[in-house]
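Structural overview
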There are 2 protein chains.
Amino acid sequence: MAPPPAAPASRPSRRSASRPDGTRRRASHSMEAVLTEAVALLDEAGEGALTFRALAARLGGGVASIYWYVASKEELLDRAANHVLADVLADAELQVEREDPIDGMRAIAVTLFDAVADRPWLGAYFMRDTELQPHGLQLYERLGQQTLRLDLTPRQRFHAVSAVIGFVVGTAADMGQEPPREVLEGEITREEYLARWAEEWRSLDADSYPYVHHIVDEFATHDDAEQFRAGLELILAGLRLQAGG
Amino acid sequence: MAPPPAAPASRPSRRSASRPDGTRRRASHSMEAVLTEAVALLDEAGEGALTFRALAARLGGGVASIYWYVASKEELLDRAANHVLADVLADAELQVEREDPIDGMRAIAVTLFDAVADRPWLGAYFMRDTELQPHGLQLYERLGQQTLRLDLTPRQRFHAVSAVIGFVVGTAADMGQEPPREVLEGEITREEYLARWAEEWRSLDADSYPYVHHIVDEFATHDDAEQFRAGLELILAGLRLQAGG
DNA sequence: CATAAACTAGAACATTGTTCGATGCGGCGC
DNA sequence: GCGCCGCATCGAACAATGTTCTAGTTTATG
């Protein structure tokens, strides 16, 4: 979505086919292995867990080796995002053959949401650099293709796709914020946690916070996915209206 | 928007009235000063520029002193966000007296967007902890109050407000990503930068990327604020429809 | 076999958030 | 005045991180 830096030609960063031979003294990585382990680290313990040292240990090599494949941590995360988006894209391609283009948009949006929701880091690195993230660009393209089947101007199509992506990424990143330790470590459940917050809200002055009191029960029992879907429907309804029903 | 950690009672964190007396050996801060300088640092040079050492230097004191007011950098950013939201809230309050509740929602959303757009860090820390961010909660309340004037169920109201905030914060954070050095240092303008990216897109295969080609001109000349407004209108149109026109 | 490119890695560096312990400052009871 | 105690400040040290330097080893190719 956001403007990408023009990629400086930089290092070759080509993969090396590590032969299936198991007996090698020195660790042999290959770009694929680096990204796979990086994503694994990210998925297991969140963004904070991805350090060059932890990654090197997992690869059984030295810290500096990673720099042969990647020029910086930023690039590592850009590439890791693209790596994950390959699966998202594959899923999305399957669901594109809808009669109704808006159904197609919804399907892609939901797929992307699911991916970002349990990978909070992905939101921040989605389509930052189209050169490093071809899969992100393709996802963008797929979503946009649906709008080509709607009666809209190019500008309206551009705005529609931007809106959907902004909403998906923003909402997912927001919902995916690292839960506090208490929940992560299983001390309390998500419900208890929500209830605790709800209680805090209920203790607010009712006259000053009529809305908060009005929705506090909904909040306490809400489901993230349903909340997302509801918001998405608003956008899609507005879009359908714009396209002339 | 996202669940907040239950605030551990922690340090008192009260302000101390630093007397106007200029001749003091030791630096006397006060919470207000800390937050003000932190925000200034953030605004001047982005999230990366806010370090405890830089902040201490600006305050003319030692690094460890800041920890008397704030338990961690996380809390510092939460409080800084709340500090900024005070102004946003004041702006929003002025624009709430609309006839049409949806006009009111739009006004608040635009105000919040403007604030986040040129403060990328704000998006990531918006309403993370309502106890530390009362202003964020009040903004949420104000937005929600508009929906009380619409014919909706509590759940629909909850979803509507969540959708608007998710879209605003997500889009603004996305658009507000740090521009690359070339642009920041004035080597090239934003237009040239966009044009460069557009050129890259135009070089893609036209059959595989029909949509990208279709909107590339729109992209090259697009205005962030207009793009945001267009997306917001989609949500609000969907909402109006849901409320029965 | 020699040469260059592909690839690995140890050690060192600067910078960051955070903690510890010591020290000053202000008012209050006596 | 004196001593005490809570508020407030700060220097120094720590561990962790991204990154660079430099040197080494492997692999393909002629």
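In this text, all values refer to a predicted model and were calculated from it rather than measured experimentally.

The next thing to look at is unusual backbone geometry. All names here are of chain A. At Met 127, a position not held by glycine, the phi torsion is positive, near 55°. Of note, Met 127 is situated in the loop between α6 (120–125) and α7 (134–148). With relative accessibility at 1%, the residue Met 127 sits in the buried group.

So, on to the relation of the copies chain B and chain A. With an axial shift of 0.0 Å and an RMSD of 0.0 Å, the rotation relating chain B to chain A amounts to 180°. These values place the two chain copies in the arrangement generated by a two-fold rotation axis. Taking C-alpha positions as the reference, the residue of chain B nearest the rotation axis is Gly 170 of chain B, at 1.7 Å. Interface overlap between copies: 100% of the residues of chain B at the interface are likewise at the interface in chain A, consistent with a symmetric, same-surface contact.

Now for the interface of chain B and chain A. Each partner contributes residues to the interface: chain B has 63 residues there, and chain A has 64 residues. Here chain B and chain A share an interface that buries about 5,800 Å² over both sides, 65% of which is from carbon and sulfur atoms. Three residues stand out in chain B for area buried against chain A, namely Phe 158, Tyr 211 and Leu 234 of chain B, and they jointly supply 13% of the buried area on that side. Counting across the chain B and chain A interface gives 4 salt bridges.

Attention shifts here to the nonpolar core. Among the nonpolar cores identified, the biggest contains 152 residues, and Tyr 140 and Trp 201 of chain A together with Tyr 140 and Trp 201 of chain B are the most heavily contacted of them. Excluding residues within four positions of it along the chain, Tyr 140 of chain B makes contact with Trp 201, Tyr 211, Val 212 and Ile 215 of chain A together with Met 127, Phe 158, Val 161 and Ile 165 of chain B.

Moving on: the packing of aromatic side chains. Within this structure, the stated rule accounts for 20 aromatic pairs over all chains. Measuring from ring centre to ring centre gives 5.1 Å for Trp 197 of chain A and Phe 219 of chain A, while their planes differ by 75°; the resulting arrangement is edge-to-face. Placement of Trp 197 of chain A in helix α10 (residues 190–202) and of Phe 219 of chain A in helix α11 (residues 210–220) is noted, with a sequence separation of 22 residues between them. Take Trp 197 of chain A and Phe 219 of chain A: they sit in the same class, and that class is buried. An angle of 10° between the planes, with centres 5.6 Å apart, marks the rings of Phe 167 of chain B and Phe 228 of chain B as stacked. One end of the pair, Phe 167 of chain B, is in helix α8 (residues 154–175); the other, Phe 228 of chain B, is in helix α12 (residues 224–242), and 61 residues separate them in sequence. Residue classification places Phe 167 of chain B among the buried residues on the basis of a relative accessible area of 1%. By way of ring pairs, the aromatic residues Tyr 140 and Phe 158 of chain A together with Trp 197, Trp 201, Tyr 211 and Phe 219 of chain B are connected into one cluster.

A complete count under the given rule lists 28 salt bridges over all chains for this structure. A salt bridge links Arg 155 of chain B to Glu 218 of chain A; the shortest N-O distance between them is 2.9 Å. One end of the pair, Arg 155 of chain B, is in helix α8; the other, Glu 218 of chain A, is in helix α11, on a second chain. Residue classification places Arg 155 of chain B among the partly exposed positions, given a relative accessible area of 36%. Overall, the relative accessible area of 18% leaves Glu 218 of chain A in the buried class. A salt bridge links Arg 128 of chain B to Glu 74 of chain B, with the shortest nitrogen-to-oxygen separation between them at 2.7 Å. Pair noted here: Arg 128 of chain B is in the loop between α6 (120–125) and α7 (134–148) and Glu 74 of chain B is in helix α4 (residues 73–94), with a separation of 54 residues, a long-range link. A single network of salt bridges, built from pairs that share partners, joins Glu 37, Glu 44 and Arg 58 of chain A.

Turning our eyes to something else, we now look at the confidence of the model for chain A. Across chain A, the average pLDDT comes to 89, with 89% of residues at 70 or higher. Contacts from residues 3–24 of chain A, a stretch scored under 50 in pLDDT, to residues over four places away or in other chains number 32 contacts.

All right, on to helix α1 (residues 30–45) of chain A then. Residues and elements named next belong to chain A. In this model α1 runs 23 Å from its N-terminal to its C-terminal C-alpha over 16 residues, within 8% of the 22 Å that 1.5 Å per residue would give. The set of residues buried in α1 consists of Ser 30, Met 31, Val 34, Leu 35, Ala 38, Val 39, Ala 40, Leu 41 and Leu 42. Along its buried surface, α1 packs onto α2 (52–59), α3 (66–69), α4 (73–94) and α6. Once α1 finishes, Gly 46 follows within two positions and takes phi at roughly 85°, a positive value.

Right, let's get into the packing of α7 of chain A against helix α8 (residues 154–175) of chain A. Residue and element names in this part refer to chain A. In the contact formed by α7 and α8, the axes pass within 10 Å of each other and the chain directions differ by 135°. By the angle class used here, α7 and α8 are oblique. Handedness of the crossing formed by α7 with α8: right-handed. The residues of α8 that touch α7, namely those facing Tyr 140, Leu 143, Gly 144, Thr 147 and Leu 148, are Arg 157, Phe 158, Val 161, Val 164 and Ile 165. Here the contact of α7 with α8 is composed, by residue class, of 7 nonpolar, 2 polar and 1 charged.

Rules of the game
Residues numbered from 1 in each chain as written. Chains lettered and ligands numbered in written order. Predicted model: local features only at pLDDT ≥ 70, side-chain atom pairs only at ≥ 80, totals over all residues. Heavy atoms only, no water. Helix = DSSP H or I, 4+ residues; strand = E, 2+ residues; numbered from the N terminus. Buried < 20%, exposed > 50% of the residue type's maximum accessible area, 1.4 Å probe, protein only. Least-squares fit on C-alpha atoms with pLDDT ≥ 70 in both. Contact = heavy atoms within 4.5 Å. Buried area = accessible area lost by both parts, 1.4 Å probe. Salt bridge = Lys/Arg side-chain N within 4 Å of Asp/Glu carboxyl O. Core = buried A, V, L, I, M, F, W, Y, C linked by side-chain atoms within 4.5 Å. Phe/Tyr/Trp six-rings, centres within 6.5 Å; stacked < 30°, edge-to-face > 60°. pLDDT = per-residue confidence, 0-100. Expected span 1.5 Å × (residues − 1). Axes fitted to C-alpha atoms, helices over the stretch in contact; angles between N-to-C directions. Parallel < 35°, antiparallel > 145°, perpendicular 65-115°, else oblique. Left-handed = near helix turned anticlockwise from the far one by under 90°. Nonpolar A, V, L, I, M, F, W, Y, C, P; charged D, E, K, R; others polar.

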